[in-house]
Amino acid sequence: AALESVQFNSLSVPMISNKTCQPMTDINEIKDALVYQITNGVRWRESVLNMAELGITEQIEVGPGNVLTGLCSRDRSGRLPEVHPM
């Protein structure tokens, strides 16, 4: 219900969902995925591996700390995109 009052703008760049591990741009799908991510586990590693499959080589981590940067740097396969904390 809380997300219904939030205005979402159309995305110019697809968002990778931690629910489906796939790119999405549809606002209703994104809202559904956000609710899912609050009430279920996220598929972080699968999402990031799929980013690499899509040719994404770098990410920017926005927010306090650098948890996601650490998660990617722990992967020893070398397949995960490099994360840059902001």
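Up top is the structure these notes are about.
No experiment lies behind these values; they were computed from the predicted model shown.

Basis of the calculations
Residues numbered from 1 in each chain as written. Predicted model: local features only at pLDDT ≥ 70, side-chain atom pairs only at ≥ 80, totals over all residues. Heavy atoms only, no water. Core = buried A, V, L, I, M, F, W, Y, C linked by side-chain atoms within 4.5 Å. Buried < 20%, exposed > 50% of the residue type's maximum accessible area, 1.4 Å probe, protein only. Helix = DSSP H or I, 4+ residues; strand = E, 2+ residues; numbered from the N terminus. Contact = heavy atoms within 4.5 Å. 1 Å grid on protein atoms, 1.4 Å probe; cavity = no way out; pocket = protein on both sides within 12 Å on 5 of 7 lines; lining within 4 Å. Points joined across faces, edges and corners; volume = space filled by probe spheres on them. Nonpolar A, V, L, I, M, F, W, Y, C, P; charged D, E, K, R; others polar. Expected span 1.5 Å × (residues − 1). Arc of directions from axis to C-beta.

**Quick notes on the nonpolar core**
By size, the foremost hydrophobic cluster in this structure holds five residues: Ile16, Trp44, Val48, Met51 and Cys72. Considering every element that reaches this core, the biggest residue donor is helix 2 (residues 44-53), with three residues. In this structure, Ile16 is in contact with Cys21, Gln22, Pro23, Ser47, Met51 and Leu54, ignoring residues within four places of it in sequence.

**What about unusual backbone geometry?**
For Cys21, which is not a glycine, the phi torsion comes out positive at approximately 65 degrees. Note that Cys21 resides in the loop between strand 1 (15-16) and strand 2 (23-24).

**A word on the layout of surface pockets**
Reported here for the largest pocket is a volume of approximately 280 Å³. Along the walls of the largest pocket sit 13 residues, with Trp44, Met51, Gln59, Ile60 and Leu68 positioned nearest its centre. At the level of elements, helix 2, strand 3 (58-61) and helix 3 (67-74) are the ones that each hand at least two residues to the lining of the largest pocket. A total of four residues in the lining of the largest pocket trace back to one element, the largest contributor, which is strand 3. A per-class count over the lining of the largest pocket returns nine nonpolar, two polar and two charged.

**Brief notes about helix 1 (residues 27-39)**
With 13 residues, helix 1 extends 19 Å between its outermost C-alpha atoms, agreeing within 8% with the 18 Å of an ideal straight helix rising 1.5 Å per residue. Among the residues of helix 1, Ile27, Ile30, Lys31 and Ala33 are the ones counted as buried. The arc that holds every buried residue of helix 1, seen down its axis, measures 165 degrees, which confines them to one face. In helix 1, the exposed positions angled more than 90 degrees off the buried face are occupied by Asn28 and Thr39.

Take it as geometry only, folks, not as evidence of what the structure does.
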